[in-house]
Amino acid sequence: MALGTAWAVDWTRRAAALVEEHKQELTHLDRDIGDGDHGENLDRGFRAVVAKLDASAADATPGDVLKLVATTLISTVGGAAGPLYGTAFLKGSTAIKGLDELDGAAIVAFLTAARDGIVLRGKAEPGDKTMIDAWTPAVDAAAAAGDDPVAALRAAADAAAAGAVATEPLVARKGRASYLGERSAGHRDPGAQSTAYILEAAAAAAEANA
Amino acid sequence: MKKLINDPEDVVSEAVAGMAVAHADLIRVETDPIFIVRADAPVAGKVGIVSGGGSGHEPMHGGLVGPGMLDAAVPGPVFTSPTPDPIVAATKAVDAGRGVLHIVKNYTGDVLNFETAADLAAAEDIEVRSVVVDDDVAVKDSLYTAGRRGVAGTVLVEKIAGAAADRGDDLDAVAAIATRVNAQVRSMGVALTACTVPHAGEPSFDLPDDEIEIGIGIHGEPGRARIPIEPADRIVDRLLEPILEDLPFESGDDVLLFVNGMGGTPLIELYIVYRRAAEVLAERGINVTRHLVGDYTTSLEMQGASITVLKLDDELTELWDAPVETAALRWGR
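Residues numbered from 1 in each chain as written. Chains lettered and ligands numbered in written order. Predicted model: local features only at pLDDT ≥ 70, side-chain atom pairs only at ≥ 80, totals over all residues. Heavy atoms only, no water.

(A) Highlighting the overall build of chain A. Across its full length, chain A carries 9 helices and 0 strands. The secondary structure elements of chain A, listed N-terminal to C-terminal, are α-α-α-α-α-α-α-α-α. In terms of overall dimensions, chain A has C-alpha extents of about 50 × 35 × 30 Å along its principal axes. Among the 210 residues that make up chain A, the fraction classed as buried is 57%. A sequence separation of at least 24 residues applies to 70% of the contacts in chain A between residues at least 6 apart. Per element, the accessible surface of chain A, about 7600 Å² overall, is 54% carbon and sulfur. When the 20 basic and 29 acidic side-chain charges of chain A are each reduced to a single mean position, those positions are 8 Å apart. (Helix = DSSP H or I, 4+ residues; strand = E, 2+ residues; numbered from the N terminus. Buried < 20%, exposed > 50% of the residue type's maximum accessible area, 1.4 Å probe, protein only. Contact = heavy atoms within 4.5 Å. Areas by Shrake-Rupley, 256 points an atom, 1.4 Å probe, with all protein chains shown as cover. Lys, Arg positive; Asp, Glu negative; His and termini not counted. Charge placed at Lys NZ, Arg CZ, Asp CG, Glu CD.)

Shown next as structure tokens:
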């Protein structure tokens, strides 16, 4: 069982749909501890990505599709989320460059490189109350899931969702929420939550295209 | 929400288009991607200076483009940093072969997008240096936060770096001057009300009628404390004390005192603030040798003010006094 370009395209569309559906929720999470634009910005970016999907080359690999996601998010999202998600998709797509079919190991390589890219740009560590608190458990869970890419993505999505919930009691140490100090506790990190949605889309797309 | 806008989607593009018409002698505006650039850019033989960040802080940065100050400004969506593309485009537009300085306010989004843009510009053989402004003493500069924010002090960094570029300093020297101004400038602000971001349609935070937020950033982000409203003099003391302690400023220092309005506070109140601030500095033996009062780094229609103190020396004073001609700041020409 392996995932191809159809999966990458479907992931992108599902991610865009999930982000749009939860736009207000993400913006409200951001309003609580940031500046209240996360949902709007991410929705703008994913709408732009979907608009470009149809024009992508017929012989595109999964990596090509996900690189398109990267460059479009960097160009359209802005804020901190644009460079962070953009770098994630860019490094992730580089890790699977040239592959037509992705097995479990390739999925883990993608997720690991994506996470490492975010760490490189944002310099956050687990526990800082950022999207890393969703990405890191996701990478770990995918790596532990064996060689089935669908199982790896499902494990990653579930771990990211749990990771997002687990950011609630944390005190933020990076990003704009860090200015709140102790007052940031009791709120879920918007970046961790959007990560959970994006990885949920990846898992759902894998299940639909397996 | 009552605002003089047409469509929230068009706020930045229409505002920038208005600036282009109003100040056609000074600037031109590129629309795809959006940035504001000196009408005569690139200026031969001069280091280019680019700043930018979320819109909603006008006149910063677009109103500060012109001879003696910025070569280009990149406005993002309201309160959201621009993406790397327009920053790269602005950088290319002002590069006259002597390199470009990016002046970046220390907000995670601004820093990441300018960093990405600087990488992309470098890949096209444009030499870029970046100076990150972090003048806000309300935020602790520690490993446990994103560091101090860049607020109104940015205007002073931009003016003085602009003057250094104008006199022909090379990129390293202009960057060094900007770094020095940042090291010598401290700010702190207060909000009396929140503001409403056009596309959000609701206030960016809740602040009861009888309370104020001490130590806000320029998007109304919280700072040190929320307290009941007090007389202006008492508030000024609360803002000035952490500023003066931080550097620290000492008796005998020459300083520039800058009282900045957040957009919704009238000048009559800013002068009340200035009066008290000047009084406190005089009591401490600190000489206010230069000043600036007005709305320069705003947060839409937020009521409130910030106080900025810059420690001057002969060179910084000379560069501050150097001619400048922008929409919002002009003298000497």
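Back to the text.
(B) Highlighting the sheet that holds strand 11 (residues 287-294) of chain B. All names here are of chain B. With mixed pairing, the 6 strands of this open sheet are ordered in space as 9-8-7-12-10-11. Unpaired on one side and paired on the other, strand 9 (225-228) and strand 11 mark the two borders of the sheet. Sheet twist, expressed as the mean angle between neighbouring strand axes with direction ignored, is 20°. The pairing of strand 8 (residues 211-214) with strand 9 spans 4 bridges and is antiparallel. If you follow E213 over to strand 9, its bridge partner there is R226. Contacts between helix 4 (residues 153-166) and the sheet are confined to strand 7 (185-191), strand 10 (254-261), strand 11 and strand 12 (304-311), with strand 12 contributing the most and set at about 45° to the helix. Contacts between helix 7 (residues 267-283) and the sheet are confined to strand 10, strand 11 and strand 12, with strand 10 contributing the most and set at about 155° to the helix. (Pairing = 2+ DSSP bridges. Axes fitted to C-alpha atoms, helices over the stretch in contact; angles between N-to-C directions.)

(C) Summary view of the packing of aromatic side chains. Residue and element names in this part refer to chain A. Taken as a whole and assessed by the stated rule, the structure comprises 7 aromatic pairs over all chains. Here W11 and F110 contribute two aromatic rings whose centre-to-centre distance is 5.7 Å and whose plane-to-plane angle is 75°, an arrangement assigned as edge-to-face. Of this pair, W11 sits in helix 1 (residues 5-21) while F110 is found in helix 6 (residues 104-122), placing the two residues 99 residues apart along the sequence. Of the two residues, W11 and F110, both sit in the buried class. (Phe/Tyr/Trp six-rings, centres within 6.5 Å; stacked < 30°, edge-to-face > 60°.)

(D) Layout of the interface of chain B and chain A. Taken together, the contact pairs 34 residues of chain B with 27 residues of chain A. Between chain B and chain A lies a buried interface of about 2400 Å² when both sides are counted; carbon and sulfur atoms form 48% of it. In this structure, the salt-bridge partner of D206 of chain B is R31 of chain A, at a minimum N-O distance of 3.6 Å. For the pair chain B and chain A, the interface holds 14 residue pairs in polar contact (both at pLDDT 80 or more). Taken together, the elements giving at least two residues each to the side of chain B that touches chain A come down to helix 2 (84-94) and helix 3 (108-123) of chain B. Examining the composition of the side of chain B that touches chain A, we find that 7 residues originate from one element, helix 3 of chain B, more than from any other. Each residue belonging to the side of chain B that touches chain A can be placed in one class, and the counts come to 12 nonpolar, 14 polar and 8 charged. (Buried area = accessible area lost by both parts, 1.4 Å probe. Salt bridge = Lys/Arg side-chain N within 4 Å of Asp/Glu carboxyl O. Polar contact = N/O pair within 3.5 Å; in protein donor to acceptor, adjacent residues only side chain to side chain. Nonpolar A, V, L, I, M, F, W, Y, C, P; charged D, E, K, R; others polar.)

(E) Structural view of the domain arrangement of chain B. Residue and element names in this part refer to chain B. With domains assigned, chain B is organised as domain 1 (10-183) and domain 2 (185-331). The distance between the C-alpha centroids of domain 1 and domain 2 comes to 21 Å. Contact residues are listed per partner, giving 41 residues for domain 1 and 49 residues for domain 2. Summed over both sides, the interface of domain 1 with domain 2 buries roughly 3700 Å², with 63% coming from carbon and sulfur. The tally of links from domain 1 across to domain 2 stands at 4 salt bridges. Inspection of the domain 1/domain 2 interface yields 24 residue pairs in polar contact (both at pLDDT 80 or more). For the side of domain 1 that touches domain 2, the elements supplying multiple residues, two or more each, are helix 4 and helix 5 (171-184). Top contributing element to the side of domain 1 that touches domain 2 by residue count: helix 4, with 7 residues. (Domains from an automatic or database assignment.)

(F) Spatial organisation of the UniProt feature "domain: DhaL" (unreviewed entry) in chain A. Under the local residue numbering, the UniProt record ascribes the feature "domain: DhaL" (unreviewed entry) to residues 6-204 of chain A. With 69% helix and 0% strand, the stretch residues 6-204 of chain A has end C-alpha atoms that lie 13 Å from each other. (UniProt positions renumbered as here; feature names shortened; annotations may be inferred.)

(G) Looking closely at the pattern of salt bridges. Residues and elements named next belong to chain B. Counting across every chain of the model gives 39 salt bridges over all chains. Among the salt bridges present, the one from R180 reaches E315, with a minimum N-O distance of 2.3 Å. Residue R180 is found in helix 5, and its partner E315 is found in helix 8 (residues 314-321); the two are separated by 135 residues along the sequence. Since its relative accessible area comes to 29%, E315 is described here as partly exposed. Note that R226 and E213 form a salt bridge whose closest N and O atoms lie 2.8 Å from each other. On the criterion of sequence distance, the pair formed by R226 in strand 9 and E213 in strand 8 is long-range, its members being 13 residues apart. Because the salt bridges share partners, they merge into one network encompassing R167, D169, R180, D313 and E315.

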